[in-house]
Amino acid sequence: VHYREDLYPEPLRFRPERFLERRFSAFEHVPWGGGARRCLGAALAHYELKLVLATLLRKTDFRLASSAPERASVRAANVGPKRGVRMIVERVER
């Protein structure tokens, strides 16, 4: 799917900003693949993500940008905030 020119113009060119230019659906962006073609590095990448997140949460104080309730959104089998969670960094421990 990531080689489809209609979804990813110049698919072999390294252009990470393409993910800021539009929002891809769950059927257009499949970073880890699936089934027999699942990425071998997926487990390591998830573990690294947990380490980075744990470090951020341990060394940084965050607060919500707004106390207004956020609407939920259903994507595939997951439910999450419709527009993400906007946070403000209060303090970073060095």
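I will try to describe carefully the structure that is included in this document. Treat the numbers as computed from the prediction; the structure is a model and nothing was measured.

1. Some details on the overall build of the protein chain
- Looking only at helices and strands, the protein chain features two helices and four strands.
- Its helices and strands in sequence order give the protein chain the pattern α-α-β-β-β-β, from N to C terminus.
- A compact globule built from 94 residues would reach a C-alpha radius of gyration of about 12 Å, whereas the protein chain, at 17 Å, exceeds it by more than 25%.
- If one aligns the C-alpha atoms of the protein chain with their principal axes, the spans along those axes are about 40 × 30 × 25 Å.
- Here the protein chain holds 94 residues, and 11% of them are scored as buried.
- Distance between charge centres in the protein chain, computed from 19 positive and 11 negative side chains, equals 5 Å.

2. Looking at the packing of aromatic side chains
- Following the criterion strictly, the structure yields three aromatic pairs and no others.
- Both rings, one in Tyr8 and one in Phe19, keep their centres 6.3 Å apart while their planes meet at 55°; by these two values the pair is tilted. Of this pair, Tyr8 sits in the segment before α1 (18-21) while Phe19 sits in helix α1, and the two are 11 residues apart along the sequence.
- In this structure Tyr8 comes out as buried when scored by relative accessible area, which is 3%.
- A network of ring pairs unites the aromatic residues Tyr8, Phe19 and Phe24 as a single cluster.

3. Focus on the pairing of strand β2 (residues 72-75)
- Here four bridges tie β2 to strand β3 (residues 78-81), and the two strands are oriented antiparallel to one another. Looking at the pairing, Ser73 lines up with Gly80 of β3.
- From the end of β2 to the start of β3, which pair antiparallel, there are two residues, and Ala76 there has a positive phi angle of about 55°.

4. Remarks on the side chain of Glu28
- Within the secondary structure, Glu28 sits in the loop between α1 and α2 (42-59).
- Here Glu28 falls in the buried class, since its relative accessible area comes to 17%.
- Only 2.8 Å separates the side chain of Glu28 from the side chain of Arg22, close enough to count as a polar contact.
- With residues near it in sequence (within four places) discarded, Glu28 still touches Val1, His2, Leu7, Tyr8, Arg22 and Arg23.

About the thresholds
- Residues numbered from 1 in each chain as written.
- Predicted model: local features only at pLDDT ≥ 70, side-chain atom pairs only at ≥ 80, totals over all residues.
- Heavy atoms only, no water.
- Helix = DSSP H or I, 4+ residues; strand = E, 2+ residues; numbered from the N terminus.
- Rg over C-alpha atoms; globule rule 2.2 N^0.38 Å.
- Buried < 20%, exposed > 50% of the residue type's maximum accessible area, 1.4 Å probe, protein only.
- Lys, Arg positive; Asp, Glu negative; His and termini not counted.
- Charge placed at Lys NZ, Arg CZ, Asp CG, Glu CD.
- Phe/Tyr/Trp six-rings, centres within 6.5 Å; stacked < 30°, edge-to-face > 60°.
- Pairing = 2+ DSSP bridges.
- Polar contact = N/O pair within 3.5 Å; in protein donor to acceptor, adjacent residues only side chain to side chain.
- Contact = heavy atoms within 4.5 Å.

Distances and angles like these do not, on their own, reveal function.
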